[in-house]
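What the coordinates show
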Amino acid sequence: MKASDFIAEFLEKKGIKSVFELSGGMITHILDSLNQKTSINIITMHHEQAAAFAAEGYGRITGLPGIALATSGPGATNLLTGIGSCFFDSTPAVFITGQVNRHELKGDREIRQLGFQETDIVSMAIPITKACFQVSDPDEIPTIFENAFKIALEGRPGPVLIDIPMDVQRFQIENNFVSDEFGQSSKFDINIFNNLIEDIKKAKKPLILSGRGIKASKSQDLFEEFLFKTKLPVITTLLGLDTISYDNSQRVGFIGSYGNRWANIAFGECDLLIVLGSRLDIRQTGADAKFIENRKIYHVDCEKGEINNRVKGCEAIIGDLKSFFTEFKTRTIDESFVLKDGWFNQIHDFKETWPDTKELDPNGINPNVFMHLLSNKSKKARAYLADVGSHQMWAAQSLELYKDQSFLTSGGMGAMGFSLPAGIGASIALNKEPVVVLVGDGCMQINIQELQTIVRNKLPLKIVVLNNKTLGMIRQFQDSYFESRYQSTYWGYDAPDFAKVAIAYGIDAKTIENSTEIENAIDWFWNSENENKPQLLQVMIDPHTNTYPKIAFGRPITEMEPFAKPIAMEAT
């Protein structure tokens, strides 16, 4: 059979229902085969970066590898930001790039390029993928594709790139579907579980820190059983926000550089920390990581290198979370754990003293109040997607995420322009159910062209543009360190009226400017006439509204602005 036909049918056999692409000469064979040989939905985007983010959204929701295709040269290089985002945030994905014919590859010649648009995408992508393949022998395609899927899914999930010369795509190959099922299991030291059980029992102020690894390992149900059994309170990372429902009494809040102040204080006071699927990076611990070393820490991770990296002295439990939870369940069948009432009451007092809605006193709409109202009235939304910047942190601080609602954002890469295309991928993965896209004015202008993709595919994205007419997080950084010189954030920067732009694309839109308009605007999203339609709500925010609380850089994470002042310069 034709090689491109095999690729198309392979993807369908693996359960892939949608792929994302922007057409180009070097992938026409594969696109034609997908169209002719399968029922896979081909979603044409308007930029390859957007196709990569859409594949990431699809992969995070389904747990299957998201698939994005691009042609050679600029098509392939435009995928790189999305590839990196999948790599840093543990999202399974397979990126397929077309390449010039094999006889047009420069090989070892001392020239820059032989074929038109020839680009060595494999060398560029190696640092941000789990594996890269360039297909030189057409008969290796079945094995390469099977290995790519296996690699993308096993261990810590991530992206794989397959680069296929155009002449390879049209070769006749054997129809050899390789079956290579795999499973994951980890073996643990028995003593460490005995120690963990005893430490949970004797701890006075224990906490669980839940991260993206819980979703990435498909362990959500097992995690909930673990919580029910241990009765421990939970703080979450940015990417772990959706691991515990807002109405779960064990939920504490979001920690980190812009975390809920009460959650960071609890983080600082705990005497036992169980880290599940989190890297303990600088955004979670602050620059002064030593302050959390003065307690017992159990760190569970499938990658040895992530443990005792920045934070020293952790008890390492190396293995996948599914195996960890299963082993813990087996070893605690006859164990019982007592609710730490005094500790829960203390955390409650922290929260009452430092509510998120009182951190700011802006002119006009308070974004934290807005996030609470939005999520309280948006129970029909299956997912929230936040872009990068001030609005991302307001969302993390104040969204009310309930069971079966997902939260997606670009964490490690921190890529502006993520949420709109990722929202497309998420909605398609959810059979075109509604999702809420939260985006700032700066981020919106990076992939604004995908409004047309939303209209063409009739996707019920509820787009909220928090428009403060500035790049707010960097503007706040300039207040702290550059004497309020707003070059390229407020000075020399502008944004359009996004409601008018949306209407031009055929999307109903409106703008609100004061808090009295919020509830009616959110109701407009979800009334029976609009529920399954795309809409855009532009929310005007005062340009000088800061993102608080914020860690006072150089200090422990419990010491946060505006009450504490930084003693070192940070990255934004």
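Note that the structure is a prediction, hence the values are computed from the model and not measured.

1. Some words on the overall build of the chain
Check the secondary structure of the chain and you find 23 helices and 20 strands. Since a compact globule built from 572 residues should have a radius of gyration of about 25 Å, the 24 Å found for the chain is in line with a globular shape. Taking the principal axes of the C-alpha coordinates as reference, the chain spans close to 70 × 60 × 50 Å. Expressed as a percentage of its 572 residues, the buried residues of the chain come to 59%. In the chain, of all internal contacts separated by at least 6 residues, the share reaching a separation of at least 24 is 75%. As displayed, the chain has an accessible area near 22,400 Å², and 48% of this comes from carbon and sulfur atoms. Placing the 58 positive and 71 negative side-chain charges of the chain at their respective mean positions leaves the two points 3 Å apart.

2. Structural notes on the sheet that holds strand β12 (residues 315-318)
A sheet is described by the order of its strands in space; here six strands give the open sequence β9-β8-β7-β10-β11-β12, paired in parallel fashion. On the outer flanks of this sheet lie β9 (251-254) and β12, each paired with one strand and no other. In this sheet, adjacent strand axes meet at a mean angle of 20° when their direction is disregarded. Strand direction decides the pairing type here: strand β8 (residues 234-236) and β9, joined by three bridges, are parallel. Following the sheet pairing, T236 is matched in β9 by F254.

3. Comments concerning helix α5 (residues 80-88)
Considered for burial, the residues of α5 that qualify are L80, G82, I83, G84, S85 and C86. Here the buried face of α5 lies against α3 (48-62), α4 (74-77), β4 (93-99), α6 (121-125) and β6 (159-165). Downstream of α5 by one or two residues, S90 has phi in the positive range, about 60°.

4. Regarding the packing of helix α11 (residues 220-230) against helix α14 (residues 321-331)
Across the interface, α11 lies against α14 with an axial gap of 10 Å and an inter-helix angle of 35°. Remark: the crossing between α11 and α14 carries left-handed chirality. Counting all contacts with α11, which are made through L222, F223, E225, F226, K229 and T230, the residues of α14 involved are K322, F324, F325, T326, F328 and K329. Here the contact of α11 with α14 is built from residues that sort into six nonpolar, two polar and four charged.

5. Section: the nonpolar core
Counting 57 residues, the largest nonpolar core has F20, F95, M444, I463 and L536 as the members making the most contacts within it. Counting the residues that make up this core, at least three belong to each of domain 1 (3-170) and domain 3 (360-550). Setting aside residues no more than four positions away along its own chain, M444 makes contact with L420, V439, L451, I463, V465, F498 and L536. Core analysis: the second largest hydrophobic core is formed by 35 residues, M371, L399, V436 and I541 among them.

6. What about the sheet that holds strand β5 (residues 131-134)?
Pairing within the open sheet is parallel, and its six strands lie in the order β2-β1-β3-β4-β6-β5. Of all strands in the sheet, those bounded by a partner on one side alone are β2 (41-44) and β5. Looking at each pair of strands side by side, their axes are set apart by 20° on average, direction ignored. Alignment of β4 against β6, held across seven bridges, turns out to be parallel. Residue pairing across strands places I96 opposite I162, the latter belonging to β6. Packing of helix α7 (residues 141-153) onto the sheet brings it into contact with β3 (66-70), β4, β5 and β6, and relative to β6 it is tilted by some 160°.

7. Considering the domain arrangement of the chain
Here the chain is described as being made up of domain 1 (3-170), domain 2 (190-353) and domain 3 (360-550). Contact with domain 2, which involves 15 residues of that partner, is made by 19 residues of domain 3. Note on domain 2 versus domain 3: buried area summed over both sides is about 1,700 Å², and carbon and sulfur give 61% of it. In terms of surface lost to domain 3, no three residues of domain 2 exceed L238, Y246 and Y258, which account for 41% of the buried area on that side. Here domain 2 and domain 3 share one salt bridge between them. Our count for the contact surface shared by domain 2 and domain 3 stands at six residue pairs in polar contact (both at pLDDT 80 or more). Partitioning the side of domain 2 that touches domain 3 into residue classes produces seven nonpolar, four polar and four charged.

Cut-offs and rules
Residues numbered from 1 in each chain as written. Predicted model: local features only at pLDDT ≥ 70, side-chain atom pairs only at ≥ 80, totals over all residues. Heavy atoms only, no water. Helix = DSSP H or I, 4+ residues; strand = E, 2+ residues; numbered from the N terminus. Rg over C-alpha atoms; globule rule 2.2 N^0.38 Å. Buried < 20%, exposed > 50% of the residue type's maximum accessible area, 1.4 Å probe, protein only. Contact = heavy atoms within 4.5 Å. Areas by Shrake-Rupley, 256 points an atom, 1.4 Å probe, with all protein chains shown as cover. Lys, Arg positive; Asp, Glu negative; His and termini not counted. Charge placed at Lys NZ, Arg CZ, Asp CG, Glu CD. Pairing = 2+ DSSP bridges. Axes fitted to C-alpha atoms, helices over the stretch in contact; angles between N-to-C directions. Left-handed = near helix turned anticlockwise from the far one by under 90°. Nonpolar A, V, L, I, M, F, W, Y, C, P; charged D, E, K, R; others polar. Core = buried A, V, L, I, M, F, W, Y, C linked by side-chain atoms within 4.5 Å. Domains from an automatic or database assignment. Buried area = accessible area lost by both parts, 1.4 Å probe. Salt bridge = Lys/Arg side-chain N within 4 Å of Asp/Glu carboxyl O. Polar contact = N/O pair within 3.5 Å; in protein donor to acceptor, adjacent residues only side chain to side chain.

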